[in-house]
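Understanding the architecture of this molecule
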Amino acid sequence: MLGTIRWNFIVGGISFVLTFLISIFNNIWMTTLLRSFYSFIILFAIVFLFRWVLGTIAGFNQLAVTEALHHEPADEHKGTTLDMSTPDEDAALHEMLKGSNSSGGGTGFAPLNPPKLSSKQNLDAGELAQAVRHMTEK
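Basis of the calculations
As a convention, each chain's residues are numbered from 1 in the sequence order in which they are written. Two thresholds apply to this predicted model, a pLDDT of at least 70 for residue-level local features and 80 or more for giving and counting side-chain atom pairs, whereas whole-chain, interface and lining totals are computed over all residues. Calculation of side-chain values draws on the structure's entire complement of heavy atoms; hydrogens and water are dropped beforehand. In this description a helix means any DSSP run of H or I spanning at least four residues, a strand means any run of E spanning at least two, and both kinds are numbered starting from the N terminus. Each residue's exposure class comes from its accessible area (1.4 Å probe, protein chains only) as a fraction of the maximum for that residue type: buried when under 20%, exposed when over 50%, partly exposed otherwise. Whether two residues are in contact is decided by their heavy atoms: any pair within 4.5 Å suffices. Accessibility throughout is a Shrake-Rupley quantity obtained with a 1.4 Å probe, and a residue counts as covered only by protein chains that appear here. UniProt positions are given in the numbering used here, feature names are shortened, and annotations may be inferred rather than shown by experiment. Take the number of residues in a helix, subtract one, and multiply by 1.5 Å to get its expected span. In this description, one arc is meant: the one made by directions from the helix axis to the C-beta atoms. A pair of aromatic rings is counted whenever rings of Phe, Tyr or Trp (Trp by its six-membered ring) have centres within 6.5 Å, and the orientation is called stacked for planes under 30 degrees apart, edge-to-face for over 60 and tilted otherwise. Patches here: salt-bridge-free residues with over 30% relative accessible area, like charges joined within 9 Å, nonpolar side chains (Val, Leu, Ile, Met, Phe, Trp, Tyr) joined within 5 Å. Whenever a carboxyl oxygen of Asp or Glu lies within 4 Å of a side-chain nitrogen of Lys or Arg, that contact is scored as a salt bridge. Geometry is summarised by axes, namely lines fitted to C-alpha atoms with helices restricted to the contacting stretch, and by angles between N-to-C directions that run from 0 to 180 degrees. Working rule for angles: under 35 degrees goes down as roughly parallel, over 145 as roughly antiparallel, 65 to 115 as roughly perpendicular, anything else as oblique. Helix crossings fall into two classes, left-handed where the near helix is turned counterclockwise from the far one by less than a right angle and right-handed where it is turned clockwise. Polar here means any residue outside two lists: the nonpolar Ala, Val, Leu, Ile, Met, Phe, Trp, Tyr, Cys and Pro, and the charged Asp, Glu, Lys and Arg; Gly therefore counts as polar.

**As for the overall build of the protein**
Counting secondary structure elements, the protein contains five helices and zero strands. Reading the secondary structure of the protein in the N-to-C direction produces α-α-α-α-α. Counting across all 138 residues of the protein, residues that qualify as buried make up 10%. The long-range share in the protein, meaning contacts at least 24 apart out of those at least 6 apart in sequence, stands at 60%. Accessible area of the protein: about 12,300 Å², with a carbon and sulfur share of 66%.

Listed below in structure tokens is the structure:
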């Protein structure tokens, strides 16, 4: 963001005082204070939004940071900016993939061979009836 929060308080305070002075002659003091407080809050938020837009979208903040970097030692500004660009590592990635393909035979990989499930096809009807009776008793 551009500037400091002091600007928000200055503009909000000016709006509070102006609203109070204009409104005190026409309203009771409680209504005047309430409307003055509302004007302070609204202009505080508008100035905050305006500073954010100027600092972030318009890029004035980066101009201020680069000017400050030229005038002050670099140690004070470490960690204040973030470089979102990544280096180009396509060649290293291709070499790594080529190396894994050539040494793929010695990895010792073997697919899983689970045992086959078998079922009993010819069961005695008496045994089945006995099993059902046993299950119903429990």
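**Some points on the side chain of Ser 23**
Looking at the element boundaries, Ser 23 is found in helix α1 (residues 6–23). What makes Ser 23 buried here is its relative accessible area of 8%.

**Thoughts on the UniProt feature "transmembrane region" (unreviewed entry) in the protein**
The UniProt entry lists residues 7–30 and 36–54 under the feature "transmembrane region" (unreviewed entry), expressed in the numbering used here. The span residues 7–30 shows a helical share of 79% and a strand share of 0%, and its end C-alpha atoms are spaced 27 Å apart. Counting secondary structure, residues 36–54 comes out at 100% helix and 0% strand; the distance between its end C-alpha atoms is 27 Å.

**Considering α1**
If you check α1, its first and last C-alpha atoms are 25 Å apart, about what 18 residues at 1.5 Å a residue would give, namely 26 Å. Among the residues of α1, those classed as buried are Asn 8, Gly 12, Ser 15 and Ser 23. Taken around the axis of α1, the buried residues stretch over an arc of 60°, which confines them to a single face. Opposite the packed face of α1, turned more than 90 degrees from it, sit the exposed residues Arg 6 and Trp 7. If you follow the buried residues of α1, they end up packed against α2 (29–57).

**Focus on the packing of aromatic side chains**
Under the definition given, this model contains four aromatic pairs. Taken together, the aromatic side chains of Phe 9, Phe 40 and Phe 44 make up a single cluster linked through ring pairs.

**So, a nonpolar patch on the surface**
The grouping of Leu 34, Phe 37, Tyr 38, Ile 41, Ile 42 and Ile 46 at the surface amounts to a nonpolar patch, some 590 Å² of accessible area in total. Mapped onto the elements of the fold, Phe 37 is located in helix α2.

**A short note on the environment of Val 17**
The topology assignment puts Val 17 in helix α1. Taking C-alpha positions, Val 17 is 9.5 Å from Phe 37, a pair spaced 20 residues apart along the chain.

**What to know about the packing of α1 against α2**
Geometrically, a packed helix pair is captured by the angle between its two axes and the distance between the axes. The contact between α1 and α2 brings their axes to 8 Å, and the two run at 150°. Overall, the two elements α1 and α2 adopt an arrangement that is roughly antiparallel. Crossing of α1 over α2 shows right-handed handedness. Counted together, Trp 7, Asn 8, Phe 9, Val 11, Gly 12, Gly 13, Ser 15, Phe 16, Thr 19, Phe 20 and Ser 23 of α1 and Thr 32, Leu 33, Arg 35, Ser 36, Phe 37, Ser 39, Phe 40, Leu 43, Phe 44, Val 47, Phe 48 and Arg 51 of α2 form the full contact between these two elements. In terms of residue class, the contact of α1 with α2 is built from 12 nonpolar, nine polar and two charged.

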